[in-house]
Amino acid sequence: MSSEIETREGLAPIPLKDGLVLGRGAEAGALLPDPAVSRRHAQLRSTPEGWIIEDLGSRSGSFLNGRVFQRERLVLGDVLRIGPFFLRYDGHFLRETLGATGARLEAISLGKIASGHTILSDVSLVVEPCQFVGVIGPSGAGKSTLLDALCALRPATSGSVRLDHVDLYKHYESLREELGYVPQDDIVPLELTVRDALWYGAKLRLPAGTPGAEISRLVDHTIAQIGLAERANTPVGRLSGGQRKRVSVGAELLCRPRLMFLDEPTSGLDPAAETRLMQSLRELSTNGCTIVCTTHVMGNAYLFDKLAVVNAGRLVFFGEPAAALRHFGVEHLENLYERLEILDPAGIPPSLPPSEEPASEPMLAARAKRPAALPILLMRQWAILRSDWKNLLLALGQPVFIALLVTWVSKESPLALFFAYIATLWFGCGNAAQEIVKELPMFRRERLIGLGRHEYLLAKFLSLARITIIQSLLLYGVMQITAGGLKGSIGWQVAGLVLTATASVGIGLAISALSRSVLQAVMLVPLVLIPQILFSGFTPSAGDMKDGPYLVSRLMPSAAVQSVMDVSLFWDQKITGSMRVDYPSSFSNLNRDRSLRNGQVFTNAGPAWQGLGTLALWALVSYWVAWFALRGKERG
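Please read all numbers here as calculations on a predicted model, not as lab measurements.

**Quick word on the sheet that holds strand β15 (residues 158-163)**
Taken in spatial order, the 4 strands line up as β13-β12-β15-β16 in an open sheet, and their pairing is antiparallel. The open sheet has two free edges, formed respectively by β13 (117-127) and β16 (166-167), since each of these has just one partner strand. Of the pairings in the sheet, the one linking strand β12 (residues 105-114) to β15 comprises 5 bridges and is antiparallel in character. Counted as the bridge partner of Gly111 is Ser158 from β15.

Set out below in structure tokens:
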């Protein structure tokens, strides 16, 4: 039949079609050639609520995400099993995939050496599909190092990791969609609601062209799965610690991973929240996801299928929790840490590696095209900005207040322009200084799913430059009104403020990328801004500076924009003696080389163009400094 879809070496993607029958008979629109498949096995139906899959009374049954069903609505990422075939639903097609259940994980003789110290030594273990495994041990024992090595975030320096017998380190790009990773910190924007945070996460993770209605259904399904349906419209930052952790888990569930890693998911939670979260993870593993997590809490250890006990970089035990009690000779797992203090890990033989089998090659499906991340990130930045109307009002109120205050004290144009660009430098640095450092855990996670550094940084740069330019022009506009009109060329002045806003955002992003904490970034901003005042050329003027300070000032963005403002005040004006009195700083700056002559009309645009070029260079260099600093921090 012309409608048949068949190729057993790898099923061709099956387009969704209302009434399409899946089976091995000639009447099937999608042919699945295997004796375990009935002639008319299952059928697709299109409804206003989405696609429905129905079992047509097959002999062997149909399974959705590992569970037998009769009629179910499909959600993005669902895996349909018919006979030996596993078909993943992506909103457009049913595509053959590896399987519906959790992945099998093998670690073979893992070792890690850093700065000449061995922090992981000859660790081997096997995690079977759908097992819930806890990695425990004293602080500094190597738990997080082992977890990072297992998920390829920071690979081991020796040994190998296999996912379903495929070398994870060699084929990470092909296998990364099978993995989920939740660090200790939040990996979703705290300003957004639960629904919006997961919606943007889905847009970044899912293939380009995924229908919007399907994404919304997936988000609603995920919110229900993590038990937050009643808090779907609550900002993430207003949730409890345990609920925020569940949102981070939900972000990983959007791609329906077969293997999930969590680093200290119960850190900072109260006992009740710890128990609820661990029970949720237990349920996820039961429903078809292999889970490995580090923890220091022993009260819920009974929920684990296996415990991996790490001490001094060695795996000293791997087995069931009950067996751990017998192995260490303790009555309660809470006493395990005391036992480990007197145990010599060097005397414990290395864990035996699994039987060596040749690594398999991954089943390479055609990689789904990733969506362009920049538009999604720009939309997310705007959503974050408008999520709190008080912050937005404050951002727009600052320039109005400053403009009114300055022009109330003095309506002199040179002074107003000085405060205009100093305030613009402050706006840009202040807006950007915290942006990267506060989002590093989220950036690192999104980097692992393929987000580019340029896309992330450019989205920050464009979003923050836009709001800073609006603030700067609002400040300038209010000054123009309240001062009865500022003197000078409006074109030069606006150009100078726009480029100052751009450069200041770049400087702020560089500060943020170089800082180790939000507090450090905040403290660095005044250290950057105070020299801008001293070396601007307004007070003291460039003409009054000695050669050393003058050379330093030529490198400052404030001096660059001051040059633009100087030219704006003199532009197309006949030079007279009164200008020395009206614009003393500008006169001194422009006449440092004694080139001004009484009676001439000033049309020398050279200092202004040089200033604009310097500001553009500051923006460009600062962007690249932030990019390189971000590259060094993306894996922690």
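The rest of the description comes next.
**A look at the layout of surface pockets**
Space inside the second largest pocket adds up to approximately 780 Å³. Lining the second largest pocket are 26 residues; nearest its centre among them are Leu385, Asn391, Ala395, Asn431 and Glu435. Counting residues per element, the ones that place at least two in the lining of the second largest pocket are α9 (373-386), α10 (389-409), α11 (413-432) and α13 (453-482). Taken together, the residues of the lining of the second largest pocket break down into 13 nonpolar, 8 polar and 5 charged.

**Examining empty space enclosed by the protein**
In total, this model carries 5 cavities of 30 Å³ or more according to the counting rule given. Together, Arg176, Glu177, Leu179, Arg205, Ala251, Glu252, Cys255, Arg370, Arg445 and Ile449 line the largest cavity. When the residues that make up the lining of the largest cavity are grouped by side-chain class, the tally is 4 nonpolar, no polar and 6 charged. When its volume is computed, the second largest cavity comes out at roughly 70 Å³. Lining of the second largest cavity is provided by Cys151, Leu153, Tyr172, Arg176, Leu179, Gly180, Tyr181, Arg445 and Leu448. Listing elements by their share of the lining of the second largest cavity, those giving two or more residues are β17 (179-182) and α12 (440-448). Examining the composition of the lining of the second largest cavity, we find that 3 residues originate from one element, β17, more than from any other. Of the residues belonging to the lining of the second largest cavity, the class tally is 6 nonpolar, 1 polar and 2 charged.

**As for the UniProt feature "transmembrane region" (unreviewed entry) in the protein**
The positions UniProt marks with the feature "transmembrane region" (unreviewed entry) are residues 389-409, 415-437, 457-478, 490-511, 518-538 and 608-630. Between the C-alpha atoms that bound residues 415-437 there is a distance of 35 Å. The span itself is 78% helix and 0% strand. Note that residues 490-511 is 100% helix and 0% strand, and that its end C-alpha atoms are spaced 31 Å apart.

Cut-offs applied
By convention here, each chain's residues receive numbers from 1 onward along its written sequence. Residue-level local features of this predicted model are given only where pLDDT is at least 70; pairs of side-chain atoms are given and counted only at 80 or more, and the full residue set underlies all totals for whole chains, interfaces and linings. Side-chain calculation: all heavy atoms of the structure are included, whereas hydrogens and water are not. Any two strands with at least two DSSP bridges between them are considered paired. Secondary structure is summarised from DSSP: a helix means a run of H or I of at least four residues, a strand means a run of E of at least two, and numbering begins at the N terminus for each. The way it works is a 1 Å grid over only the protein atoms, where trapped points that fit a 1.4 Å probe form a cavity and open points with protein on both sides within 12 Å along at least five of seven lines form a pocket, and then any residue with an atom within 4 Å of a point lines it. Grid points are joined across faces, edges and corners, and a volume is the space filled by probe spheres set on the points. Throughout, the ten residues Ala, Val, Leu, Ile, Met, Phe, Trp, Tyr, Cys and Pro are labelled nonpolar, Asp, Glu, Lys and Arg are labelled charged, and all others, Gly among them, are labelled polar. UniProt positions are given in the numbering used here, feature names are shortened, and annotations may be inferred rather than shown by experiment.

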